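Working through the structure, step by step
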Amino acid sequence: MKVANVSGRLHLVRDGRVLDVGKASDGRFSPEPGEAYARWPELTAWAAEQRDDAFTDALDVAELGAPVPAPRQVFALGTNYRTHAAEVGWPIPETPMVFTKFPSSVTGPVAQVEITGSQVDWEVELVVVIGTGGHRIAEADAWQAIAGFTVGQDISDRDVQMRPKASPQLGLGKSFPGFSPIGPVVADLDEVGDPHDLGLRCRVNGELVQDGRSDDLVFTIPQLVAYLSDVVTLLPGDLVFTGTPSGVGIARRPPRFLAPGDVLRSEIDRIGELTTTFVERRVRA
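Since the model is a prediction, treat every value here as computed from it, not as a measurement. (Residues numbered from 1 in each chain as written. Predicted model: local features only at pLDDT ≥ 70, side-chain atom pairs only at ≥ 80, totals over all residues. Heavy atoms only, no water.)

Some details on the overall build of the protein
Within the protein one finds eight helices and 19 strands. When the 285 residues of the protein are sorted by exposure, 53% land in the buried category. Contacts in the protein between residues far apart in sequence, at least 24 positions, make up 75% of those at least 6 positions apart. With an accessible surface of roughly 12500 Å², the protein has 50% of that area assigned to carbon and sulfur atoms. Mean positive and mean negative side-chain charge positions of the protein (27 and 39 charges, respectively) differ by 5 Å. (Helix = DSSP H or I, 4+ residues; strand = E, 2+ residues; numbered from the N terminus. Buried < 20%, exposed > 50% of the residue type's maximum accessible area, 1.4 Å probe, protein only. Contact = heavy atoms within 4.5 Å. Areas by Shrake-Rupley, 256 points an atom, 1.4 Å probe, with all protein chains shown as cover. Lys, Arg positive; Asp, Glu negative; His and termini not counted. Charge placed at Lys NZ, Arg CZ, Asp CG, Glu CD.)

Section: the pattern of salt bridges
Evaluated as defined, the whole model comprises 20 salt bridges. With a shortest N-O distance of 2.9 Å, Asp159 and Arg163 are connected by a salt bridge. The salt bridge involving Glu267 is made with Arg201; its shortest N-O contact spans 3.5 Å. Of this pair, Glu267 sits in strand β18 (residues 263–268) while Arg201 is found in strand β15 (residues 199–204), placing the two residues 66 residues apart along the sequence. (Salt bridge = Lys/Arg side-chain N within 4 Å of Asp/Glu carboxyl O.)

Points about helix α8 (residues 221–229)
Within α8, seven of the nine residues are buried, which leaves it mostly tucked inside the rest of the structure. Along α8, the residues classified as buried are Ile221, Pro222, Leu224, Val225, Ala226, Leu228 and Ser229. Where the residues of α8 are buried, they touch β6 (74–78), β7 (97–100), β11 (124–130), α4 (142–145), β12 (146–153) and β17 (239–241).

Considerations on the nonpolar core
Judged by nonpolar contacts, the single largest core of 49 residues is most densely connected at Leu126, Phe149 and Ile271. Once residues within four sequence positions are removed from consideration, Phe149 is found in contact with Leu126, Val127, Val128, Trp143, Val185, Val186, Ala187, Leu189, Val192, Pro195, Ile221 and Ile271. (Core = buried A, V, L, I, M, F, W, Y, C linked by side-chain atoms within 4.5 Å.)

Considering the sheet that holds strand β19 (residues 272–279)
What the five strands build is an open sheet, ordered β9-β19-β18-β15-β16; its pairing is mixed. A single partner strand is all that each edge strand has here, and the edge strands are β9 (110–114) and β16 (207–213). Here the average twist between neighbouring strands, direction ignored, is 20 degrees. Bridge analysis of β15 against β18 gives five bridges, and the strand direction is antiparallel. Paired with Arg201 across the strands is Glu267, a residue of β18. (Pairing = 2+ DSSP bridges. Axes fitted to C-alpha atoms, helices over the stretch in contact; angles between N-to-C directions.)

Digging into the pairing of β15
Looking along a regular strand, one sees side chains alternate from face to face of the sheet. Judged by how many residues are buried, β15 sits mostly within the fold: five of six residues are covered. Sheet analysis places β15 next to β16, joined by six bridges and oriented antiparallel. Counted as the bridge partner of Leu200 is Gly212 from β16. Linking β15 to β16, which pair antiparallel, is a turn of two residues; within it Asn205 sits at a positive phi near 55 degrees.

Any link to function would need more than the numbers given here.
The following block contains the structure:
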């Protein structure tokens, strides 16, 4: 199953066509995209019963919003790809390096984002979307707590992130408006297959800058779910940005950063693509 936020309403997506969940279910399920995840097993069972000929409307990418428009918690992992750790010269972490991104940074798969400084960087990421969630989830039970997966970008203002250098502000530097684009859909495990065997790619103005695979993850998805939920209660619709492969701008020699007019395309196998266009920052009124 794949779901999307089409013009603010929850839709199933199948073979390039969509079905409005609220209308097709006669109100059994809410049209609000964010409310799907608490009832994910029930929604999945209902979706499987829907005939292909019920999907009468074509998917219009321009109408897509964030498939989880208002997550309550957004977690992210630092240095969770071996290739990325190598390119920045950091050791492989012995425990997950967790930080948080503020939910107000979430935007959709086709978005304009303001450049906030001279060191704005890209990080394509596989994002886990929590379904039923829970507290102290065992690794063996992690897949039952997950709704699915989406494409994400952990856009980072490296100047703010590393200010001060003695105590980096990871979450703050990665939480400007639009710095967490996600989408275009949330795809469940049946659609994705093995989430530890997916290609991730990122292009700046058509140039391939990241080309990795999720089999390079240091900590697996079940390990991350168990680790996080041992401390916090994972809630329906929470997001977990699982880390980025090599190829980020700050690790290049010389470093390379985004500028107004740049177009960032982020893609993951079997899920889809984000398009993020960068614009000048508005002058404060």
